[in-house]
Every structure is written in structure tokens, then in C-alpha cells.
Amino acid sequence: MILKSDSMNKLINDLRNLPATVNEVDYRKRGYHLEVELTSGQVHEFASLLRDLGFYLVFVSAVHTAPAIQIIYQFAGYCRPCRIVGRAPVAADGSIPTISDIFDGANWHERETKDMFGVIFTGHPYMQPLLLPEEGADLKPLLKRDDAVKTMDKIRRPAAPDREQGKDL
Amino acid sequence: MTPDSKDREKRSFYLNMGPQHPSTHGVLRVLLEMDGEYILEPEPVLGYGHRIQEKMGESRTWNGFLPNTARLDYACALIYNHGYVGLIERITGIEAPLRAEYIRVITSELNRIASHLLWLGAFLLDLGAFTPILYTFDDREQILDILEDVTGSRLTHCYFRVGGVSRDVDGKFVEATRAFIKRLRSRFSIYDDLITNNIIFIKRVRDITRFTPDMARRFGATGPILRGTGISYDIRRNEPYSVYPEFDFEIPVGATGDCMDVYMVRLREMEQSLRIIEQALDRLPDGPFLTKVPRRLKLPQGDASFSVEAARGELAYYLVSDGSDIPYRLKIRVPSFSNLSLLPEHCRNMLLSDLVMALGSLDLCIPEIDR
């Protein structure tokens, strides 16, 4: 595997300096290489860093968890087989900064996320409905019922079976 | 207000292209701010065919969602099957038998060729050439017949299963596929005469508008559009899945990123797909085609992602599970969504007649975008 190359280590260090929590995960089981836990204030820096390293945006989306909705960012690189999943909870007022000024493609993904979850992306140039009609702006169809919302530890892979947790990074 | 924008307001008018326009190939609407024949600002308006597939994905068992995957992109349904069963296999650790993986590759590649042939005919039809679609549909019909025999349907195939494929292929399938390879190879020279070397076609697509690697990266465009700009990026090669590493094939790339290059990439991809199918048929192993999988299998808690190279670019499924047999969240990242999002930047200040060509070269599949 490519995981232990110098550029990979540098990437992990750069991400840790954000500072963010970075875990290497088993690609065969999860389909990506790095899992990055961010705060809502860090997503801009996170995206800038990946832009400078030549990554492209795969998607922006969200998962409804308690207490806050988690925004999911997935990036991949053309040259190295390296796929990154970033995760950031929205701020207390239900907003998160946009990254559409860094990756133009995020514009539509963020509009879709606003349609489905009602998350406001602050600084977004055109926060209009994309897939849903204008009159359906407060439907938020992908939000779950109150009794169906899970906390993050109920949908996170348990630490023990993943051997990479014990690995020296 | 600057004099410039005042002038623009006075001169410009709005033109609706779609939602029912023959060259959008689906219910896509493009709202155009025009100045005479020139487009000042194109704005795609989506959602006419929105079926909220992602909600369906999290309101039924993982097994029950499989037929939906074929309805996301009707032009290459099997590749959408492939991504979903690959995702479930990755998260549960189930492995499909080798014979099933070979069958998956053969049928996926046939489906990719069918999708490219559909595009080729429709694209030329958009440009005003009626003849090519009669030839490409003739060829595509052979694939549909082959796939109908083995999958049971002609368009929305739901053939792959977690742990294999739903039924085995027989000698008739192998024979028909070999005959098709021979047939299509002999047809490429016809396509070259009819299209590639046609001066009218060349003048319509050569150098009119260019995709750039930077534009593709910023918008997350993948597939033939990205490869047309010269970047060799194909999930089958960069993040190999299934048994693709066992085959010898090339990733065709363009040089300038104009629509001629994108056309050439797709044409040469069909040749490469034929190579893959031929090798897979030669080495098709014996053995079971489906492993036993419990019907109500619980998905282990946690998330997983799976990407495949669809005919239009990268298709990624991202699943979050809470440990039950119903996914907690299923995100479907479709290639055409990101590919279309670059349209405003790509088509600004273009002639209206060239927009038809630019939309055509994106190879859009609207149900996939709207989901």
C-alpha cells in the first residue's frame, strides 16, 4: 500500500497542525485512507490545505446526528490513491462556513445539503434551493425524527476491531 | 450601478432552454441570460426528476435498495449495481466468488459501451447529424439483447447481488459477446468515416471551448471530461476494485480538453472496454457465481465509502450504519452532478448553438443528477 510514503506523512502532519484529529483507517474495510475530525471553524483552512495539495472535491453532504448535524467532506487526489473524509459538526446556530470559494464544485453540494438538512453555509454566494422547489425550502427531508436521531458514538465504528488505532503513525 | 451593467440590463433578455428540450436528454432546464446570440450567464435549474433516492436508501433494508441503484442512471445501470454491492461487501467483509467478479466486469464493460454508444448517437443528433444514431443504436441493440438474456431486463438491470450475481452466464452469452466484440471492432472504421473525419463535425467541436485541468479539479469533474484535458485518472486504475487489476488496458487521454478530445476519449474507451471483455472471457474461471448471504444481515456499525468508474465519471456511495440492517445514511455522489456544475463557467460568452454542443459533450444523465 501507499500509506507510509513521505508525502502521506507530511499530509498527516499538516492536517494535525490545523489542529485536527487525524486517523489512518483501513482502506479495504472503509474505502478511504484518512479520517479527519474538525470543528466548524476549521473547514475553510482544511479545504485550502487540500486545494494546495491538488486534491479534488468528491462531495459535501451531512449526517443527522445528536446533538449537532455533522457535515461530511470527501476529497481524493488524482496522482496518489488517497481519499480523505472530513467531518465537522455545525455550529450552535446550525451554520458552517462555506468552502465554495475554494472549491467551486462545493457550491451545488452545499445548496443540496441546505435543501435536505437546512444547514446554512455562511458566505455562500447563492444559497437557493437546488433539488427541491422553492416552496419546499423548509421540508428538510433527510432530517430524522427526534426519536430516531443517534449520537455520534452509535454510528462510529467501534475502536477495537480496527487495528490501525494501535498503529504508530 | 456601473454604465456597463446598466447597458447589459437594457440589452439582455432571458431565454428558457428546457425543461423539455430535445438536446437536454431529460428534464433539465437551463435559464439563459442572453445578449443576442451570445450567452451572458447560463444557470442550470435542477430537480424536475427528483425522487429523493437517498431517503429511500435509509428507509428500507440494504437489500431492498438494490433495484433503486439501476434507476439512478438508466444508461449504465450495472455499474451503479456494482458500486452498491461493492459497498455492502466492503462494509460486511463478504467476498464474491472469482467467477462472479469476472461476470461483473464483463457485463459492466458491456454496459459502459452501451452508454457510450447511446451518447455518441444522441450527441451527433444534437449537432444535426441524423445518420450516426441509426448505426449506434444498431450496435447498442446487440448489447441490450445480450444483457437481456442474462439480466432479464433491457435497461434498468438489477443483476448483481451482494456476494455475486443473480444467475450464471452460459455458453450462449460467451458466444454472443465474442461475436459482438468482432462486430463492434469492424464498426469503428465506419464511425471514423461517418463522424471523426467529417469536416462539419470537426468544425463544430474542434477548439470551440475547452475544459481545463484546473476547472475540472475545482468543480470535481471526472470521467471522460477530465481525461480529455490530459489527466489520466480512472478509478479502475487509480483505486482498483473488483478484478480490474488483472486486465491489461489503457486509459485514453486527450491533450487540449476541447470537445473533440472528449469525443476521442469516449471512442477509444469503447475499444479498451472491448479489450477488457475479451481478456475476461478468455480467463473466465469456473466455480460458483453467488455465495450464501443471510437475508437479514446486519451492517456493522460505522461508515464506509466505495467508488467506481461509471460511464460519466466517479460514482461514490458513502454509507453510515448504526448496526442495523437499514442504513442510517446513504450518500450517493453521482458524476453528472459535478460535471454539470461547471457549465456556467464553461459556457459563459458562448454562442447559443455551441451550448447545445457543450451540453452534449458533458454526456448528462438527468435522473442521475436529480436522484
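If you're wondering where the values come from, they're calculated on a predicted model, not measured in any experiment.

Chemist: How do you make sense of the overall build of chain A when you look at a structure like this?
Modeler: Counting its secondary structure elements, chain A contains five helices and nine strands. When the helices and strands of chain A are listed from N to C terminus, the series reads α-β-α-β-α-β-β-β-β-β-α-β-β-α. Relative to the globule expectation of 15 Å for 169 residues, the C-alpha radius of gyration of chain A, 16 Å, shows essentially globular dimensions. For chain A, the proportion of its 169 residues judged to be buried stands at 41%. At a minimum sequence separation of 6, the contacts of chain A that also span at least 24 residues come to 53%.

Chemist: Even after reading the chapter, I still don't get the environment of B:Leu147, so can you show me in this structure?
Modeler: Residue and element names in this part refer to chain B. Along the polypeptide, Leu-147 turns up in helix H6 (residues 131–151). In this structure Leu-147 comes out as buried when scored by C-beta crowding, with 23 C-beta atoms within 10 Å. Note: C-alpha distance between Leu-147 and Leu-110 (37 residues apart in sequence) is 8.2 Å. Leave out the neighbours within four places in its chain, and Leu-147 touches Thr-107, Leu-110, Asn-111 and His-157.

Chemist: In this structure, what is going on with the interface of chain B and chain A? I would like to understand it.
Modeler: Often the size quoted for an interface is simply the accessible area lost on bringing the parts together. Each side of the interface is counted separately: chain B has 35 residues, and chain A has 33 residues. Only helix H2 (53–57), helix H9 (213–219), strand S6 (302–310), strand S7 (313–321), strand S8 (329–333) and helix H13 (335–341) of chain B provide two or more residues apiece to the side of chain B that touches chain A. Tallied by class, the residues present in the side of chain B that touches chain A amount to twelve nonpolar, ten polar and 13 charged.

Chemist: How should I be thinking about helix H15 (residues 352–361) of chain B in this particular structure?
Modeler: Each α-helix turn comprises 3.6 residues. Residues three or four places apart therefore point the same way. Residue and element names in this part refer to chain B. Burial of H15 is extensive: seven of the ten residues sit out of reach of the surface. Among the residues of H15, Leu-355, Val-356, Met-357, Ala-358, Leu-359, Gly-360 and Ser-361 are the ones counted as buried. Looking at the buried residues of H15, the elements they touch are strand S3 (38–45), helix H5 (98–126), helix H8 (199–205), helix H12 (259–282) and helix H14 (343–347). Once H15 finishes, Asp-363 follows within two positions and takes phi at roughly 55°, a positive value.

Chemist: Please clarify how the packing of helix H4 (residues 77–92) of chain B against H5(B) should be interpreted in this entry.
Modeler: Geometry of a packed helix pair, given as the angle between the helix axes and the separation of the axes. Residues and elements named next belong to chain B. Orientation of H4 relative to H5, taken along the N-to-C sense of each, is 140°, at an axis distance of 7 Å. Our classification of the angle between H4 and H5 gives oblique. Listed contacts from H5 to Ala-77, Leu-78, Ile-79 and His-82 of H4 are Arg-104, Thr-107, Ser-108, Asn-111 and Arg-112. Considered class by class, the residues forming the contact of H4 with H5 number three nonpolar, four polar and two charged.

Chemist: Teacher, can you tell me more about the confidence of the model for chain B here?
Modeler: Any residue range with low pLDDT should be treated as having predicted coordinates unsuitable for detailed reading. Averaged over every residue, the pLDDT of chain B is 88; residues scoring 70 or more account for 98%. In the predicted complex, the global pTM is 0.88; the interface-specific ipTM is 0.86.

Chemist: I'm lost on the pairing of S7(B) in this one. Help?
Modeler: Looking along a regular strand, one sees the side chains alternate between the two faces of the sheet. Residues and elements named next belong to chain B. Most of S7 sits inside the fold, with nine of its nine residues counted as buried. The sheet contact formed by S6 and S7 spans nine bridges and is antiparallel. Bridge pairing in S7 links Gly-302 to Ser-321. Once S6 ends, the chain turns through two residues before running back antiparallel as S7. Relative to S8, S7 runs antiparallel, the two being bridged by five bridges. Residue pairing in the sheet places Tyr-318 in a bridge with Lys-331 of S8.

Chemist: Is there a simple way to think about the sheet that holds strand S6 (residues 83–89) of chain A in this case?
Modeler: Strand pairing in a sheet takes place through backbone hydrogen bonds and is either antiparallel or parallel in direction. All names here are of chain A. Strand order in the open sheet formed by five strands is S1-S2-S6-S5-S3, with mixed pairing between adjacent strands. Two strands in the sheet have a free side with no partner beyond their single neighbour: strand S1 (21–24) and strand S3 (55–63). The mean inter-strand angle of the sheet, taken between neighbouring strand axes irrespective of direction, is 20°. Sheet topology places S1 next to strand S2 (residues 34–37); four bridges connect them, and they run antiparallel. Paired with Asn-23 across the two strands is Glu-35, which belongs to S2. With respect to the sheet, helix H3 (residues 43–52) is in contact with S2, S3, strand S5 (70–77) and S6, its orientation differing from that of S6 by roughly 165°.

Chemist: Looking at this model, I keep getting lost on the sheet that holds S6(B). Mind explaining?
Modeler: All names here are of chain B. With respect to topology, three strands assemble into an open sheet ordered S6-S7-S8, the strand pairing being antiparallel. The open sheet has two edge strands with one neighbour each: S6 and S8. Each strand axis lies, on average, 10° off the axis of its neighbour in the sheet, ignoring direction.

Chemist: What exactly am I supposed to notice about the nonpolar core here?
Modeler: Soluble globular proteins tend to bury their nonpolar side chains together. Counting residues in hydrophobic clusters, the biggest one holds 152 residues, and the most contacted among them are A:Ile71, A:Phe75, B:Tyr80 and B:Tyr317. Ranked by residues supplied to this core, first place goes to H5(B) with 15 residues. Beyond its immediate chain neighbours, meaning those up to four positions away, B:Tyr317 contacts B:Gly83, B:Tyr84, B:Leu87, B:Phe306, B:Leu330 and B:Ile332.

Chemist: Got a minute to help me understand unusual backbone geometry in this structure?
Modeler: Most peptide bonds adopt trans geometry, and most residues besides glycine take a negative phi value. With an omega dihedral of 0°, the bond running from A:Ala66 to A:Pro67 counts as a cis peptide bond. Summarising the element assignment, A:Pro67 is placed in the loop between strand S4 (65–66) and S5. In this structure, B:Ile52 is a non-glycine residue whose phi angle is positive, near 50°. By secondary structure assignment, the location of B:Ile52 is in the loop between S3 and H2. If you check the backbone angles, B:Ser242 has positive phi at about 50° while not being a glycine.

Parameters at a glance
- Residues numbered from 1 in each chain as written.
- Chains lettered and ligands numbered in written order.
- Predicted model: local features only at pLDDT ≥ 70, side-chain atom pairs only at ≥ 80, totals over all residues.
- Helix = DSSP H or I, 4+ residues; strand = E, 2+ residues; numbered from the N terminus.
- Rg over C-alpha atoms; globule rule 2.2 N^0.38 Å.
- Buried ≥ 20, exposed ≤ 12 C-beta atoms within 10 Å, placed from the backbone.
- Contact = placed C-beta atoms within 7 Å.
- Nonpolar A, V, L, I, M, F, W, Y, C, P; charged D, E, K, R; others polar.
- Axes fitted to C-alpha atoms, helices over the stretch in contact; angles between N-to-C directions.
- Parallel < 35°, antiparallel > 145°, perpendicular 65-115°, else oblique.
- pLDDT = per-residue confidence, 0-100.
- Pairing = 2+ DSSP bridges.
- Core = buried A, V, L, I, M, F, W, Y, C linked by C-beta atoms within 7 Å.

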